Amino acid sequence: MLPLLLASSSAYRRELLARLQLPFTCSSPDIDESHRPDESAAELVKRLAEEKARALAGSHPAHLIIGSDQVAVLGERIIGKPHTFEKAREQLLASSGASVTFLTGLALLNSQTGHCQVDCVPFTVHMRTLDAARIERYLRAEQPYDCAGSFKAEGLGVSLFQSTEGPDATSLIGLPLIRLIDMLLAENVQIP
């Protein structure tokens, strides 16, 4: 098996990938993550996932490189990481009683052959009706300022959900393992 490289500095993605019990290393690619005019959210995350993987191909010429990128979409608007309490409160107030769809782009690049598999995995969270006091209590407790959508699904954020739907719950955290396993199997990686 070619060495596995995760093109990310995300602790969440590292924890998810570790579930597969395969040896891997991590490196953070330096790419421009700007949204292009007329680019859909799905196109954006697929492009960025592939660009992250390809950005490391030159320095890792015989690897399987995993790139991933995620955006949250509320209505027609992409909502990113809030970074501050105020922006997180705004995002959660806007999400109250609504559905937020997370689109996770995934790429697996074989840097030896140049073969690249790319996909986008959707996952939708239907939010409870949230009042300002509940939102503030949640934000003070968990401080999810580095999470798209302003909540941690793997933590207390689940208390904000009415229901969820999608093919792979791990995509909500940022790395769709079910689809990644399909891609790894196509590269003859044995799991388990």
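It should be emphasised that the depicted structure is a prediction, and the values quoted were computed from it without experimental measurement.

This brings us to the overall build of the chain. Secondary structure summary: the chain contains six helices and seven strands in total. Over its C-alpha trace the chain gives a radius of gyration of 17 Å, about what one expects of a compact globule, namely 16 Å for 192 residues. Expressed along its principal axes, the backbone C-alpha trace of the chain runs to roughly 55 × 40 × 25 Å. Counting over 192 residues, the chain shows a buried share of 48%. Put simply, 67% of the contacts in the chain that link residues at least 6 apart link residues at least 24 apart. Of the accessible surface of the chain, which amounts to about 9200 Å², a share of 49% is contributed by carbon and sulfur atoms. Side-chain charges in the chain split into 18 positive and 23 negative, and the spacing between the mean points of these groups amounts to 4 Å.

A few words now on the nonpolar core. Judged by nonpolar contacts, the single largest core of 22 residues is most densely connected at Met-127 and Phe-151. Listed by contribution, the elements that provide at least two residues to this core are strand E3 (64-74), helix H3 (85-95), strand E5 (99-110), strand E6 (116-127) and helix H4 (132-142). Aside from chain neighbours lying at most four places away, what touches Phe-151 is Leu-92, Phe-102, Val-125, Met-127, Tyr-138, Pro-144, Gly-157, Leu-160, Phe-161 and Leu-172. In terms of nonpolar packing, the next biggest core, distinct from the first, is built from 17 residues, Leu-16, Leu-177, Leu-180 and Val-189 among them.

A cis geometry characterises the amide bond from Ile-191 onward to Pro-192, with omega recorded as -15°. Mapping Pro-192 onto the fold places it in the segment after helix H6 (177-186). In this model, Gln-21 sits at a positive phi of 55°, which is unusual for a non-glycine residue. Within the secondary structure, Gln-21 sits in the loop between helix H1 (11-18) and strand E2 (24-26).

This part takes up the pattern of salt bridges. Summed over the entire model, instances satisfying the criterion amount to eight salt bridges. A salt bridge links Arg-47 to Glu-51; its shortest N-O distance comes to 3.2 Å. With a gap of four residues between them, Arg-47 and Glu-51 both fall in helix H2 (residues 41-55), about one helical turn apart. Note on Arg-47: relative accessible area 13%, which makes it buried. Between Glu-50 and Arg-54 there is a salt bridge; the shortest N-O distance is 2.8 Å. In this pair, Glu-50 and Arg-54 are both assigned in helix H2, four residues apart and thus about one turn of the helix distant.

On to the UniProt feature "active site" (unreviewed entry) in the chain. Mapped onto this numbering, the UniProt entry gives "active site" (unreviewed entry) at Asp-69. For Asp-69, the position within the fold is in strand E3. Here Asp-69 is in contact with Arg-13, Glu-33, Val-45, Leu-48, Ala-49, Lys-52, Leu-103, Thr-104 and Gly-105, once residues within four sequence places are set aside. Within the structure, Asp-69 has its side chain in polar contact with the side chain of Lys-52 (distance 2.8 Å).

This part takes up the UniProt feature "site: Important for substrate specificity" (unreviewed entry) in the chain. Within this numbering scheme, the UniProt entry marks Tyr-12, Gln-70 and Glu-154 as carrying the feature "site: Important for substrate specificity" (unreviewed entry). Checked against the element boundaries, Tyr-12 lands in helix H1. Note on placement: Glu-154 falls in the loop between H4 and strand E7 (161-165). The contact partners of Glu-154, leaving out residues within four places of it in the chain, are Tyr-12 and Ile-173.

Criteria and thresholds
- For every chain, the first residue of the written sequence is number 1, and numbering continues from 1 along that sequence.
- Where totals are concerned, whole chains, interfaces and linings use all residues; where local detail is concerned, this predicted model gives features only for residues with pLDDT of at least 70, and gives and counts side-chain atom pairs only at 80 or more.
- Only hydrogens and water are set aside; all other atoms, that is, all heavy atoms of the structure, feed into the side-chain values.
- Strands here mean DSSP runs of E at least two residues long; helices mean DSSP runs of H or I at least four residues long; both are numbered from the N terminus.
- Values of the radius of gyration come from C-alpha atoms, whereas the globule rule sets the reference at 2.2 Å times the count of residues to the power 0.38.
- The buried label applies to any residue whose accessible area, calculated with a 1.4 Å probe on protein chains only, is under 20% of its type's maximum; exposed applies above 50%, and partly exposed to all values in between.
- By the convention used here, residues are in contact when the closest approach between their heavy atoms is within 4.5 Å.
- Note on areas: these come from Shrake-Rupley sampling with a 1.4 Å probe, and a residue is covered only by the protein chains present in the view.
- Charge counting treats Lys and Arg as positive and Asp and Glu as negative, with His and both chain ends excluded.
- The atom standing in for a charge is NZ when the residue is Lys, CZ when it is Arg, CG when it is Asp and CD when it is Glu.
- Take the buried Ala, Val, Leu, Ile, Met, Phe, Trp, Tyr and Cys residues and link them wherever side-chain atoms come within 4.5 Å; each set so joined is a nonpolar core.
- Salt bridges are defined as contacts in which a side-chain nitrogen from Lys or Arg sits within 4 Å of a carboxyl oxygen from Asp or Glu.
- UniProt positions are given in the numbering used here, feature names are shortened, and annotations may be inferred rather than shown by experiment.
- Polar contacts here mean pairs of N or O atoms no more than 3.5 Å apart (in protein, one a potential hydrogen donor and the other a potential acceptor; neighbouring residues in sequence count only if both atoms are side-chain atoms).

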